[in-house]
4 protein chains.
Amino acid sequence: MAFTMRETVRSVIFGTETFAGKLFDVALIGVIFVGLCVVSLESVDSIESNYGDTLRILEWVVTAIFTIEYLLRLWSAAHPAAYARSFFGVVDLLSILPTWAGLVFTGTQSLVVIRALRILRIFRVLKLAQFSREASQLARALRSSRPKIIVFVGSVLCAVIIVGALMHLIEGPENGFHSIPLAMYWAIVTMTTVGYGDIAPQTPVGQAMASVLMIMGYGVIAVPTGIVSAELVHASRDHHERRECLGCGARDHESDARHCKLCGRALPSGRETGS
Amino acid sequence: MAFTMRETVRSVIFGTETFAGKLFDVALIGVIFVGLCVVSLESVDSIESNYGDTLRILEWVVTAIFTIEYLLRLWSAAHPAAYARSFFGVVDLLSILPTWAGLVFTGTQSLVVIRALRILRIFRVLKLAQFSREASQLARALRSSRPKIIVFVGSVLCAVIIVGALMHLIEGPENGFHSIPLAMYWAIVTMTTVGYGDIAPQTPVGQAMASVLMIMGYGVIAVPTGIVSAELVHASRDHHERRECLGCGARDHESDARHCKLCGRALPSGRETGS
Amino acid sequence: MAFTMRETVRSVIFGTETFAGKLFDVALIGVIFVGLCVVSLESVDSIESNYGDTLRILEWVVTAIFTIEYLLRLWSAAHPAAYARSFFGVVDLLSILPTWAGLVFTGTQSLVVIRALRILRIFRVLKLAQFSREASQLARALRSSRPKIIVFVGSVLCAVIIVGALMHLIEGPENGFHSIPLAMYWAIVTMTTVGYGDIAPQTPVGQAMASVLMIMGYGVIAVPTGIVSAELVHASRDHHERRECLGCGARDHESDARHCKLCGRALPSGRETGS
Amino acid sequence: MAFTMRETVRSVIFGTETFAGKLFDVALIGVIFVGLCVVSLESVDSIESNYGDTLRILEWVVTAIFTIEYLLRLWSAAHPAAYARSFFGVVDLLSILPTWAGLVFTGTQSLVVIRALRILRIFRVLKLAQFSREASQLARALRSSRPKIIVFVGSVLCAVIIVGALMHLIEGPENGFHSIPLAMYWAIVTMTTVGYGDIAPQTPVGQAMASVLMIMGYGVIAVPTGIVSAELVHASRDHHERRECLGCGARDHESDARHCKLCGRALPSGRETGS
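Every chain is numbered on its own, with residues counted from 1 as its sequence reads. Key to labels: chains lettered from A, ligands numbered from 1, both in the order written. The predicted origin of the model limits local features to residues at a pLDDT of at least 70 and limits the giving and counting of side-chain atom pairs to 80 or more, whereas totals for whole chains, interfaces and linings rest on all residues. The basis for the side-chain values is all heavy atoms of the structure; hydrogens and waters are excluded.

Participant: How would you sum up the confidence of the model for chain A? Please name residues and give values.
Facilitator: Residue and element names in this part refer to chain A. Here pLDDT means the predictor's own confidence in every residue, given as a number from 0 to 100. Here chain A averages 79 in pLDDT, and 78% of its residues register 70 or above. Numbering goes from the N terminus for both helices and strands, where a helix is a DSSP run of H or I of at least four residues and a strand is a run of E of at least two. No element of chain A has a lower mean pLDDT than helix H13 (residues 270-273), at 37, and none a higher one than helix H10 (residues 180-191), at 92. Across residues 270-275, confidence stays below pLDDT 50; counting only partners more than four residues off in sequence or on other chains, it has four contacts. Two numbers describe this predicted complex: its pTM, 0.80, and its ipTM, 0.77. Two residues form a contact once any of their heavy atoms are found within 4.5 Å.

Participant: Help me get a handle on the relation of the copies chain B and chain C, residues and values and all.
Facilitator: The two copies are related by a screw motion: chain B maps onto chain C through a turn of 90° and a shift of 0.0 Å along the axis, at an RMSD of 0.1 Å. Taken together, these values place the two copies in the relation of a four-fold axis. Of the interface residues in chain B, just 20% have counterparts in chain C that sit at the interface too, so the contact is made through distinct surfaces. We superpose the copies by least squares over the C-alpha atoms of residues that have a pLDDT of at least 70 in both of them.

Participant: Which residues make up the pattern of salt bridges, and what values do they have?
Facilitator: Residue and element names in this part refer to chain B. Each reported salt bridge corresponds to a side-chain nitrogen of Lys or Arg within 4 Å of a carboxyl oxygen of Asp or Glu. Applying the stated criterion to the full structure yields 16 salt bridges over all chains. A salt bridge links Asp53 to Arg56, with the nearest nitrogen and oxygen atoms 3.6 Å apart. Placement of the pair is Asp53 and Arg56 together in helix H3 (residues 45-76), with a separation of three residues, close to one helical turn. For every residue, the accessible area obtained with a 1.4 Å probe (protein chains only) is divided by the maximum for its type, and the residue is called buried under 20%, exposed over 50%, and partly exposed between those limits. Residue Arg56 is classed as partly exposed on the basis of its relative accessible area, which comes to 37%.

Participant: Break down empty space enclosed by the protein for me, citing the residues and quoting the values.
Facilitator: Here a cavity denotes a set of grid points, spaced 1 Å apart and computed over the protein atoms alone, in which a 1.4 Å probe fits but from which it cannot get out, and a pocket denotes an open set meeting protein on both sides within 12 Å along at least five of seven lines; residues with an atom within 4 Å of a point are reported as lining. Grid points are joined across faces, edges and corners, and a volume is the space filled by probe spheres set on the points. As enumerated under the stated definition, the model contains nine cavities of 30 Å³ or more in all. Put simply, the largest cavity is a space of about 150 Å³. Taken together, 17 residues line the largest cavity, and the ones lying closest to its centre are Ile221 of chain A, Ile221 of chain B, Ile221 of chain C together with Ile221 and Thr225 of chain D. Residue polarity follows a fixed list, in which Ala, Val, Leu, Ile, Met, Phe, Trp, Tyr, Cys and Pro are nonpolar, Asp, Glu, Lys and Arg are charged, and the others, Gly among them, are polar. When its residues are assigned to classes, the lining of the largest cavity shows seven nonpolar, ten polar and no charged.

Participant: Pulling in residues and values, what's your account of a nonpolar patch on the surface?
Facilitator: Patch membership requires over 30% relative accessible area and the absence of a salt bridge. Like charges are linked within 9 Å, and nonpolar side chains (Val, Leu, Ile, Met, Phe, Trp, Tyr) within 5 Å. Each accessible area is a Shrake-Rupley result for a 1.4 Å probe, and residues are judged covered by the shown protein chains and nothing else. On the surface, a cluster of nonpolar side chains totalling about 550 Å² of accessible area is made up of Trp60, Trp100, Leu103, Val104 and Phe105 of chain A. As for its placement among the helices and strands, Leu103 of chain A is situated in the loop between helix H6 (97-101) and helix H7 (122-128).

Participant: So what's going on with helix H5 (residues 87-94) of chain D? Residues and values would help.
Facilitator: Residue and element names in this part refer to chain D. Buried within H5 we find Gly89, Val91 and Asp92. In a view along the axis of H5, the buried residues occupy a sector of 165°, so they form one face of it. Among the structural elements, helix H3 (45-76) and helix H4 (80-85) are those in contact with the buried residues of H5. Working note: the arc is built from the helix axis to C-beta atom directions.

In C-alpha cells:
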C-alpha cells in the first residue's frame with residue numbers, strides 16, 4: 001500500500017502510532033522547552049545584558065522551527081482549515097507571530113509568552129506512555145465529581161461575595177480594603193489559606209470575622225478532598241471488577257460474584273480472565 | 001381549574017415547578033448579580049469618578065425592580081406576615097431600604113451591601129437543576145459528620161485559647177502580641193495555615209512554640225478531611241447496597257444488577273424495595 | 001442507702017452521672033469562660049483603662065469561686081493527694097495561685113493565663129453528651145494511625161533539618177537566614193504552607209529550593225489526610241458490623257455474613273439485633 | 001562457628017539483627033543529633049560568642065567519632081569500594097572532610113552542614129522497630145500512587161509555567177514580577193497556598209488571575225490527597241481479603257475469621273494461602 005509524501009508527513013506530525021511520530025512529538029516538546037527557557041532567561045535582566053545576543057539567535061532558531069512545523073501542519077492536515085481554527089492551530093500561529101511582527105513593530109516581543117500554552121501539547125505525549133491509564137483514571141474521577149465540585153465552588157463564591165461586601169463595610173479604605181472587589185480578592189486569599197498579608201484586617205471586629213472565615217475555609221477544604229477521595233476509592237475498586245459474562249457480555253461484576261448479575265449465568269473465575 | 005391572578009403570580013414568584021417560575025428565578029439571579037456588580041464598581045474610586053452617573057441610574061433601576069418584587073411577594077404570599085418575618089423576607093426588605101433611605105439621610109448607601117445576602121437565593125435555583133442530587137448528597141454527608149466536626153472545632157478552639165494565652169506571655173506586646181485576643185487571632189491565622197505575617201513570633205521560644213502549632217495544625221487538617229471523605233465513601237457505597245436476594249439473602253448487589261451475584265436468582269427491582 | 005455529705009459533694013464535683021453533677025460541670029465551664037474573657041479583656045489596653053476596676057472585681061470573684069472549688073475537691077476527693085498531684089489538680093492550683101500571689105509580689109498577674117489550661121475540662125463535659133460516641137470514634141481512629149503518623153512526622157522533621165541546613169548555607173545571614181535553627185523554623189513555616197513571609201528566600205537558587213520544598217510539602221499533606229481517612233472509613237464500616245454470634249459470642253461480622261466466622265453457626269439477622 | 005574480628009565488627013556496624021548492632025545504630029543516631037545541635041548552635045551568633053570554645057571541642061569529639069566510624073566501615077565492609085561509592089559512603093566522608101580541611105584552609109567549616117544528610121540513617125533504625133510494617137505500608141501506598149502523582153505534578157508545573165508567563169506580562173517588573181522565573185516562583189508560592197506575600201499582584205487583572213489560580217490550587221490539593229487516601233483504604237482492605245472458601249468460593253473474609261461467612265465451612269488458615 002503506497003503512501004503519498006503528504007500522508008507520510010501527516011502520520012509523523014499528527015500521529016502518535018509510528019516510531020517516527022513518537023520521536024517527532026518528543027523532539028517537539030524538547031524544542032518547546034528550549035523556547036520557554038530562552039524567553040524566561042531573556043526576561044532576567046542580568047542574563048539578558050550578558051548573553052542577550054546568544055539568546056536572540058536561539059530565539060530565531062526556535063521560531064524558524066515552529067514556523068516550518070506550522071507550515072507543514074497546514075500542508076499535511078487532512079482538513080487544513082479545521083486545524084487552523086482548532087485550539088492548537090491558533091496557539092501554534094500565535095506562538096510564532098510576535099517574533100515575526102517584531103521585525104516591523106516594536107513591543108510585540110513580550111507577547112511571545114503565549115508560547116507557554118504550547119506546553120499543553122505535553123498531554124498529547126503522555127497519551128503514548130504508560131501514564132495513559134492513570135491519567136484517564138484521574139480524569140474520570142474528576143469528571144464524575146464535577147457536579148459536586150460546581151456546587152462546592154458556587155458555595156465558596158457566595159461566601160466570598162458576602163464576606164467581601166461586609167469586610168469593606170467593617171474595615172473600610174483606611175485599613176486597606178479600598179473597594180469591594182479588593183475585599184473579595186482578600187476573602188479568596190484568606191479562604192484558600194494563601195494569606196499574602198498585603199491586606200489584613202486591623203479592627204477587632206474585622207479580625208473576628210476573618211477568624212470565622214479562616215476556620216470555615218479550613219473545614220471547607222475537606223469537601224473537595226473528600227469528593228475526590230471517594231471517587232478514587234470507587235474508581236480503583238471498579239478496576240478490580242471487570243470480568244465479562246460469557247452469556248450476555250455484562251461487565252462490572254464484583255470480585256466475589258460467581259453468577260452474572262444480569263442473566264444469572266455462572267461467571268468465569270477471576271484467575272482465568274484477568275489482571 | 002381556574003386560578004386567580006394572585007395564585008398565578010404566587011406560583012411564578014415562589015414556585016419553581018412551572019416554566020415561568022423557573023424563568024423568574026433565573027432572571028432574578030441575573031438582576032441580583034447586576035446589582036452586586038453595580039455596588040462593587042461604585043466602591044472603586046476610579047470607576048465611580050468616571051461612570052458614577054451611569055452606575056447611580058442602574059442602582060435605581062435595580063432598586064425599583066427589587067421594590068416591585070418585594071411588594072408582589074407581600075401581596076401574593078399565602079401568609080404575607082410569615083414571609084415578611086422569614087430570613088429572605090427580612091433580607092429582601094433590607095436590600096432596598098438603604099437606597100430609599102438615602103433620599104432622606106446621608107451615609108446609609110453603604111448598607112446596601114446587605115444585598116449580598118440575596119445571592120443565597122442561588123441555592124433555590126440549584127434546586128431546579130441537575131445538581132439537586134449532588135447537593136443533597138453533599139449536604140447529607142456534611143450533616144452526618146456534624147457531631148464529629150463540632151468535636152473537632154471545639155478541640156481547635158481549645159488549642160487556640162491555650163496557645164494564644166501562652167504566646168501573649170512569651171512574646172509580649174513588644175513583638176506585636178499586644179493582647180490575648182490578638183494572640184488568639186494569630187493562633188487561628190497560624191493553625192489554619194493562612195499565615196498573613198502581619199504578626200509573627202520573634203523570640204526563639206515563640207518560634208519553637210509556633211513550629212509545634214504549625215505541625216499540629218498541618219496534621220489536624222487531616223481530621224475534617226478524613227471525616228468528610230469517610231462519609232462520602234459510605235454515602236456513595238450505600239447507594240449500591242440496598243437490595244437483598246430473596247433466595248440466599250446476599251446483599252451488596254450493585255445498582256444495575258438484575259440477578260443475585262451469589263446464587264443467580266432474579267433480584268427484586270430497586271423500585272420495590274426502596275431508595 | 002445513706003450518703004455522707006462528703007460523698008454527695010464528691011458525686012456532684014467529680015461525677016457526671018447525676019443531674020447535679022452535670023449541672024456543676026456545665027456551670028464550671030461557664031465560670032472558666034468568664035474567667036478567660038476577663039483575663040483576655042484585661043490584656044487589651046483600651047478596655048483595661050476604661051473598665052479596669054470592673055474587670056478586677058470579676059477577676060476576684062472568679063478566683064474566689066475557683067479557690068472554693070479547689071478546696072472542696074481536696075476535701076471530697078477519695079484520694080486527696082492523688083488529686084493534688086494529677087494533671088488537673090496541678091492546673092487547678094496554678095490557676096488560682098497567681099492572683100493570690102499578686103497581693104504580695106508584683107508581676108505574677110500575667111501567669112494567670114495558665115488558667116487557659118482549665119478549658120481542657122470541656123472534654124469532661126463532652127463525655128456526658130451525645131458527642132461521646134463521635135469523640136471516641138475520632139480518638140480511636142487517631143490512636144490506630146499513631147505509628148503511621150510518627151513515621152510521617154519523623155520524615156517531615158528530617159526534611160526540615162536537611163533543608164534548613166542547606167538554606168542557611170545558600171541564602172546566608174544577609175538574606176535573613178541568620179542561623180540554622182532560624183532556617184529550620186523557616187522550613188517548617190514553608191512546608192506546612194503557613195508562609196508568614198517574614199523570612200523569604202532572595203537568591204534564585206534559594207527560591208528554586210524553596211519551590212521544591214513547597215511542592216513536597218503540598219504533596220506530603222496528603223499523607224496524614226490519607227491515613228486518617230482510611231482509618232475513619234474502616235472505623236465507620238466496622239460500626240455497621242457488630243452482630244454477636246449466639247454460639248460463641250464473636251462480634252465484628254460483616255454486614256452480609258450469615259454464618260459466624262469463628263464457629264460457623266448461623267447468625268441472627270441484622271434486623272433483629274439492632275442498629 | 002568462629003567469627004573473625006572483622007566479621008564481628010561488620011555485623012555490629014552494618015547489621016541490625018544482633019543486640020550490639022541495634023545498640024550501635026541507636027548510639028550513632030544520638031551522636032548525629034549531638035553533631036547537628038552543635039553545628040546549629042554554632043550558627044547562632046549570641047551562643048557562638050559565649051560558648052564557642054565548648055562547641056568547638058564538642059565538634060572535634062563528634063568529628064573524631066565519625067572518622068573512626070568511617071575507617072571501621074571501610075575496613076569491615078564486605079566490599080569496601082562499593083561502600084565508599086554508595087550514597088551513605090559519600091555522605092559519611094563528606095560529613096568529616098570539612099572539619100579536617102578547616103585545619104588547612106579557611107571557610108570550609110560551613111560545609112559541615114552536609115552532615116545533616118546523615119540524619120537519613122534514622123530510617124535504617126526504623127527498620128528495627130515496630131514501625132517497620134507501618135512504614136512499609138505507607139511506602140507501598142506512595143509507590144503505587146507514583147504514576148498518578150507524576151501526572152498530577154506535571155499538570156501543576158504546566159499551570160505554573162503558563163500562569164508565570166502571563167503574570168509577567170500582566171503585572172510586569174514595576175509590581176515585583178521582575179522576570180518570568182520569578183513569576184513562576186510566585187505561581188508556585190501561590191498555588192501551594194504558602195503565600196509569603198513578598199511578591200503579590202497589584203493590578204486588578206493580576207488579582208483576578210491570582211484568584212483563579214488560588215481556587216484552582218485549593219481544589220487541586222484534593223487530588224494527591226484523594227490518591228493517597230484511596231491507596232491506603234485499599235492497602236488496609238487488601239489485608240483482609242486474601243482467603244477463599246474451599247466450599248463456596250466466597251472471598252472477602254476478615255483476617256480473624258475461621259469459618260466462611262456465607263456457608264459456614266472452615267476456612268484455610270492465613271498462613272497456608274499467603275499474606
